[in-house]
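Structural characterization, general
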Number of protein chains: 2
Amino acid sequence: MTAADGDIHEAIMTATLDAVCTHGYADLTMQDIADEFDKSKSLLHYHYDTKADLFVAFLDYLIDNFEDRLDELTETDSPLDARFKRYIDWFAVDPDEPERYSLHLALLEMRTQAPHTKRFQERFARSDELATTAFAELIEEGQASGEFATDIDPIDLGRLCFVTMDGARARQLTIGKPGYAKAVGATLFEAVIKPRLRNEE
Amino acid sequence: MTAADGDIHEAIMTATLDAVCTHGYADLTMQDIADEFDKSKSLLHYHYDTKADLFVAFLDYLIDNFEDRLDELTETDSPLDARFKRYIDWFAVDPDEPERYSLHLALLEMRTQAPHTKRFQERFARSDELATTAFAELIEEGQASGEFATDIDPIDLGRLCFVTMDGARARQLTIGKPGYAKAVGATLFEAVIKPRLRNEE
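Before going further, it helps to examine the overall build of chain A. If you tally the helices and strands in chain A, you get nine helices and zero strands. Ordered by position from N to C terminus, the α and β elements of chain A give α-α-α-α-α-α-α-α-α. When its C-alpha atoms are laid out on the principal axes, chain A stretches across 60 × 40 × 30 Å. The buried share among the 201 residues of chain A stands at 53%.

With that settled, consider helix H5 (residues 80-90) of chain A. Within the span of H5 of chain A, buried status applies to Leu 80, Asp 81, Arg 83, Phe 84, Tyr 87, Ile 88 and Trp 90 of chain A. Those residues of H5 of chain A that are buried are in contact with helix H4 (51-74), helix H6 (98-113), helix H7 (118-145), helix H8 (154-175) and helix H9 (180-193) of chain A.

Moving on, we get to the nonpolar core. Soluble globular proteins tend to bury their nonpolar side chains together. In this structure, Phe 84 and Tyr 87 of chain A together with Phe 84 and Tyr 87 of chain B are the most contacted members of the largest nonpolar core, which totals 70 residues. In this structure, Ile 175 of chain A together with Met 13, Leu 59 and Met 110 of chain B belong to the second largest nonpolar core, which totals 33 residues.

Looking at the element boundaries, Ile 88 of chain B is found in helix H5 (residues 80-90). Along the chain, Ile 88 of chain B and Asp 166 of chain B lie 78 residues apart, while their C-alpha atoms are 9.9 Å from each other.

A word on the packing of aromatic side chains. Per the counting criterion, the structure on display carries 24 aromatic pairs over all chains. Consider the rings of Tyr 25 of chain A and Phe 120 of chain A, whose centres lie 6.1 Å apart with planes at 70°: the pair is edge-to-face. Here Tyr 25 of chain A, found in the loop between helix H1 (3-23) and helix H2 (30-36), pairs with Phe 120 of chain A, found in helix H7; they are 95 residues apart in sequence, far enough to count as distant. Taken together, a centroid distance of 4.9 Å and an interplanar angle of 80° make the contact between Tyr 25 of chain B and Phe 55 of chain B edge-to-face. Residue Tyr 25 of chain B is found in the loop between helix H1 (3-23) and helix H2 (30-36), and its partner Phe 55 of chain B is found in helix H4 (residues 51-74); the two are separated by 30 residues along the sequence. Both residues of the pair, Tyr 25 of chain B and Phe 55 of chain B, count as buried. Among the aromatic residues, those joined into a cluster by ring pairs are Phe 66, Tyr 87, Trp 90, Phe 91, Phe 135 and Phe 162 of chain A. The ring of Tyr 25 of chain A has Lys 51 of chain A sitting right over it, with the charged end atom 4.3 Å from the ring centre. The residue whose ring lies beneath Arg 159 of chain A is Tyr 180 of chain B, and the NZ or CZ to ring-centre distance is 5.8 Å.

Before going further, it helps to examine the interface of chain B and chain A. Listed by partner, the interface residues are 38 residues for chain B and 38 residues for chain A. Approximately 3200 Å² of surface area, both sides summed, lies buried where chain B meets chain A, with 64% of it carried by carbon and sulfur atoms. Put simply, chain B and chain A have four salt bridges between them. With a shortest N-O distance of 2.4 Å, Asp 128 of chain A and Arg 171 of chain B are connected by a salt bridge. At the boundary of chain B with chain A, the tally comes to eleven residue pairs in polar contact (both at pLDDT 80 or more). Counting residues per element, the ones that place at least two in the side of chain B that touches chain A are helix H6 (98-113), helix H7 (118-145), helix H8 (154-175) and helix H9 (180-193) of chain B. Class assignment of the residues belonging to the side of chain B that touches chain A gives a composition of 22 nonpolar, seven polar and nine charged.

Scoring rules and cut-offs
- Along each chain, numbering runs from 1 in the same order as the chain's sequence is written.
- Chains carry letters from A onward and ligands carry numbers from 1 onward, assigned in written order.
- A pLDDT threshold of at least 70 governs which residues receive local features in this predicted model, and a stricter bar of 80 or more applies before side-chain atom pairs are shown or counted, although totals over entire chains, interfaces and linings include all residues.
- The side-chain figures draw on all heavy atoms in the structure; neither hydrogens nor water molecules are used.
- Note on conventions: DSSP H or I runs of at least 4 residues are helices, E runs of at least 2 residues are strands, and numbering of each starts at the N terminus.
- Relative accessibility decides the category of a residue: with a 1.4 Å probe and only protein chains considered, values under 20% of the type maximum give buried, values over 50% give exposed, and everything between is partly exposed.
- Contacts are assigned to residue pairs that have any heavy atoms within 4.5 Å of one another.
- Buried Ala, Val, Leu, Ile, Met, Phe, Trp, Tyr and Cys residues that are joined via side-chain atoms within 4.5 Å together make up what is termed a nonpolar core.
- Any pair of Phe, Tyr and Trp rings, taking the six-membered ring for Trp, is counted once the centres come within 6.5 Å. Such a pair is stacked with planes under 30 degrees apart, edge-to-face with planes over 60 apart, and tilted for the rest.
- Our definition puts a charge over a ring when NZ of Lys or CZ of Arg is within 6 Å of the ring centre and also within 35 degrees of the ring normal.
- Buried area adds together the accessible area that both of two parts lose upon being put together, with accessible area traced by a 1.4 Å probe.
- The term salt bridge refers to a side-chain nitrogen of Lys or Arg lying within 4 Å of a carboxyl oxygen of Asp or Glu.
- Polar contact is defined as a pair of N or O atoms within 3.5 Å, subject to the rule that within protein one atom must be able to donate a hydrogen and the other to accept it, and that residues adjacent in sequence are counted only when both atoms are side-chain atoms.
- The nonpolar class holds Ala, Val, Leu, Ile, Met, Phe, Trp, Tyr, Cys and Pro. Asp, Glu, Lys and Arg form the charged class, and all remaining residues, Gly among them, are polar.

So, in structure tokens, the structure goes:
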């Protein structure tokens, strides 16, 4: 990919993000994306034949961004309890972040298409695995240093933490109760993580 | 409601269940439901003006069934640990139950419409509350009898348990990994419930 190709790719992804935040996923057309794109619709079609092709690339783009951010979220010099809290809090989405709120609602719509769209399903599975592994790595690190209880397998507990926060975010988005995911995150920390942190005693 | 009205209501709800399991929610038409209904399409329209009206009634019907089943799931004479396990397991959906699998996938589609459809949102919020309360009541009962640790508020922990299992089911349905929700359920019991059960020690 040349630098110019990279710029076009970035511009298409940004236009897709803007369009999906405005229109959601289900009713979105290639024209809606072209409307957000300062270049021509034909250039969009030159790169992507169908809406599904474009959204496979868009999911890859979001996963790349998520991977970059995971390093910030979990790999710092701060204490283990603070790193758990920061990663848990990251899942909370509040209506005062309207763009992120709309994006996650659109991702939920896309996810319901995953059983019929294998390329979407692969991306959601990959994103789940990344999110689960980030929790599991915090737990493993704590178990290795003696800071976290060893009563439970890190992958199992990592998956539980991820599923809990992902489920909490999905319910908040659909039920519309502000603070729901944040409250579940606080309980996850108090009831599951904190009792296993050895330096908390 | 007369007995005959009750029969017609039940017949419409059964036809809706069959149609939604076959077609999903998004692409479903009133005609698809009429096709599953042994009475006339005009009778369907006599009772429900729009697809949304019909699905509000369908969600109420599912919630009524869920309330009836909750008694079986949680209120029995079996020990507290067995009742937690039975209720947790109930959330698992496997591909060998194709009708239940399709229904829950359709409910997930409907749930993504909840932010734009207040009547749907009210029903999903009510169903969440019922499911959370059932966990909270098991916890409260155990705390009152001394069988369950009192370190955590029963409503908070009940919500965490519900959100975890609901999130696990949603991911299994969309990612398509058999046994995913069952595995999360086993971790929820081992890592969150069992350490708090006093008669397990």
